[in-house]
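If you want the building blocks of each chain, they are given just below.
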Amino acid sequence: MILLQEIIHQLYFLMSAVVAVLLVGRLFRRKTRPGLAYDIVYAYALIPFVLRALHIK
Amino acid sequence: MSTYVTTSYTLAAMVAAFTLSSWRFKSPELAMVVTALVGALVAGLGFPAHLFVEGTFTFLDLAFIFITACVFMNAYSEVGAMNALVRAMVTRLSRWKWLLLMVLAALMLIPGALTGAGVVSVLVVGGLVAAVLRLMGLAEQRVAAFVFMLGILSAVAPPINVWAMLMAAGANMPYVGFDWVLLVPVLAVAAATVVYLGWGAVPQSKEAILAGLPPLSPKMTWWRAAVPLGILLALALASKYAAFAIPTLGFPLIFIVCTIATVAIDPERRPFGRWLAVTNDTVEQVFPLVATMVSVGVLVNILAATGVRGLIAISFVALPIVGIYATSLFVCPMAQGALGFGSAVILGTPLIFVFNAVGANVTVVAAAFSMLFALGDCLPPSRIVGRTAIETVGYKGTYASFLRATTVPWLIMGAVALAMLIFPGKVAFLVKY
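Reading the values: rules and limits
- Residues numbered from 1 in each chain as written.
- Chains lettered and ligands numbered in written order.
- Predicted model: local features only at pLDDT ≥ 70, side-chain atom pairs only at ≥ 80, totals over all residues.
- Helix = DSSP H or I, 4+ residues; strand = E, 2+ residues; numbered from the N terminus.
- Rg over C-alpha atoms; globule rule 2.2 N^0.38 Å.
- Buried ≥ 20, exposed ≤ 12 C-beta atoms within 10 Å, placed from the backbone.
- Contact = placed C-beta atoms within 7 Å.
- Axes fitted to C-alpha atoms, helices over the stretch in contact; angles between N-to-C directions.
- Parallel < 35°, antiparallel > 145°, perpendicular 65-115°, else oblique.
- Left-handed = near helix turned anticlockwise from the far one by under 90°.
- Nonpolar A, V, L, I, M, F, W, Y, C, P; charged D, E, K, R; others polar.

Q: Any chance you could break down the overall build of chain B for me, citing the residues and the numbers?
A: Along its length, chain B carries 20 helices and zero strands. Relative to the globule expectation of 22 Å for 433 residues, the C-alpha radius of gyration of chain B, 22 Å, shows essentially globular dimensions. Dimensions of chain B, computed from the C-alpha atoms along their principal axes, are close to 75 × 50 × 50 Å. A burial count over chain B gives 52% of its 433 residues as buried. Across chain B, contacts joining residues at least 24 apart in sequence account for 84% of those joining residues at least 6 apart.

Written as structure tokens, this is what we have:
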């Protein structure tokens with residue numbers, strides 16, 4: 001059970017990394033909500049996913 | 001200068017900043033972060049980077065749920081399973097108009113009830129339900145109102161009610177005993193909504209309704225459509241009732257498992273590139289919601305650091321209890337429109353303490369406030385569910401005409417919530433631990 005729980009824990013870090021990569025992709029190649037305002041929103045919305053993926057927070 | 005005065009002009013500056021930036025940027029998410037920045041500067045905190053970064057994490061778990069739930073539901077729709085489900089309903093129930101409307105309402109309640117986000121219900125099943133509703137003779141504004149109302153009701157429905165969870169967490173009370181006290185009012189309001197919006201509609205024939213839906217893959221059988229939903233139900237129930245026998249998966253991972261199951265049951269065997277495109281589109285579709293969660297987290301953190309959160313909470317909760325009854329139907333939805341789920345933290349938690357002090361059943365009170373907050377999902381600046389509902393159903397009328405169509409069910413929901421708030425003892429029997 002402890003091993004399974006640890007695997008699940010690591011999967012969540014992996015999930016953060018995947019979401020971060022997807023958000024970076026959408027930052028540069030999105031079809032909706034163009035413009036500088038949403039460039040900024042995409043940029044700061046990335047922060048928690050990147051920091052979580054890198055085990056910083 | 002007293003703390004009260006300092007905090008008051010910080011609040012005034014934040015209100016001004018929010019109004020101006022909402023108008024200038026046309027992005028409620030960015031407006032919230034700019035407001036937080038202005039609040040921190042005016043309160044003399046400078047640029048507290050650590051508070052900003054910590055704030056982005058406040059609702060990260062909810063953001064994960066939104067993303068994974070939408071990926072699952074979009075994958076489920078992509079393979080044609082959702083279409084198969086709706087077609088099966090129409091085929092079996094088209095003779096009974098009210099029963100079909102009630103089942104469509106129940107279908108709308110499920111995704112939001114499982115994820116805690118009304119917008120997930122709207123995004124995932126709203127489009128198909130709207131197609132059926134149109135063919136059942138409902139006017140366009142009523143279709144949008146139906147999708148919106150069931151969307152917000154799905155967010156209130158158990159097992160996941162984010163407002164109640166946040167209020168419970170803030171007030172140090174366990175999130176237990178909410179199932180029936182949330183489900184019964186939600187079903188009552190849903191039934192009233194269906195009756196009001198469906199009244200006078202003249203449905204087309206079964207064949208016409210089926211012809212109006214997207215074509216169904218012949219290989220999509222009922223058991224294929226049932227497998228992912230069965231897994232979702234099994235894992236959700238197991239995590240609730242066998243919590244000590246299985247590892248804690250969490251809703252995001254449960255949705256990922258269901259997505260994998262959906263890909264596995266795909267009769268067309270779509271290539272990896274197609275699934276990547278579905279995932280990318282989903283992330284773009286759900287992004288406003290994710291950005292709102294991140295931005296609200298930042299705003300709530302700065303509101304707390306500057307003392308503005310306390311000022312707002314104390315100003316509202318210092319009202320006599322009758323004043324809270326009188327203003328809740330206005331203040332709570334407005335707070336939700338401005339702060340999203342942050343409203344439950346800023347207003348909801350202090351209110352739980354107030355009602356606890358007068359001996360009310362706080363589980364009922366939290367359930368009632370969650371309904372009142374949900375009503376604000378059609379109000380500016382965020383309008384998150386309202387905006388998504390009209391986009392999903394392709395409503396071409398004005399936003400005001402959409403709001404007019406929702407007025408009666410909106411007021412019914414507000415009246416039910418207020419009745420629960422004023423007479424919590426009368427429905428306390430629904431609180432089962």
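The discussion continues.
Q: Give me the packing of helix H9 (residues 162-170) of chain B against helix H17 (residues 342-357) of chain B: which residues, what numbers.
A: All names here are of chain B. In the contact formed by H9 and H17, the axes pass within 8 Å of each other and the chain directions differ by 60 degrees. The orientation of H9 with respect to H17, classified from their angle, is oblique. Pair H9 / H17 crosses with right-handed handedness. Along the contact surface, H9 presents Trp163, Leu166, Met167 and Gly170, while H17 presents Ala344, Val345, Gly348, Thr349 and Ile352.

Q: So, H9(B): which residues are in play, and what are the values?
A: Residues and elements named next belong to chain B. Residues Val162, Trp163, Ala164, Leu166, Met167 and Ala168 constitute the buried set of H9. Those residues of H9 hidden inside the fold are in contact with helix H4 (60-78), H17 and helix H18 (362-374). At the C-terminal side of H9, Asn172 shows a positive phi close to 55 degrees.

Q: How would you summarise the interface of chain A and chain B if you had to cite specific residues and measurements?
A: Taken residue by residue, the interface counts 23 residues in chain A and 25 residues in chain B. Where the side of chain A that touches chain B is concerned, the elements lending two or more residues are helix H1 (2-29) and helix H2 (36-53) of chain A. Looking at which element gives the most residues to the side of chain A that touches chain B, the answer is H1(A), with 10 residues. Here the side of chain A that touches chain B is built from residues that sort into 16 nonpolar, three polar and four charged.

Fair warning: the whole summary comes from geometry, so function is off the table for now.
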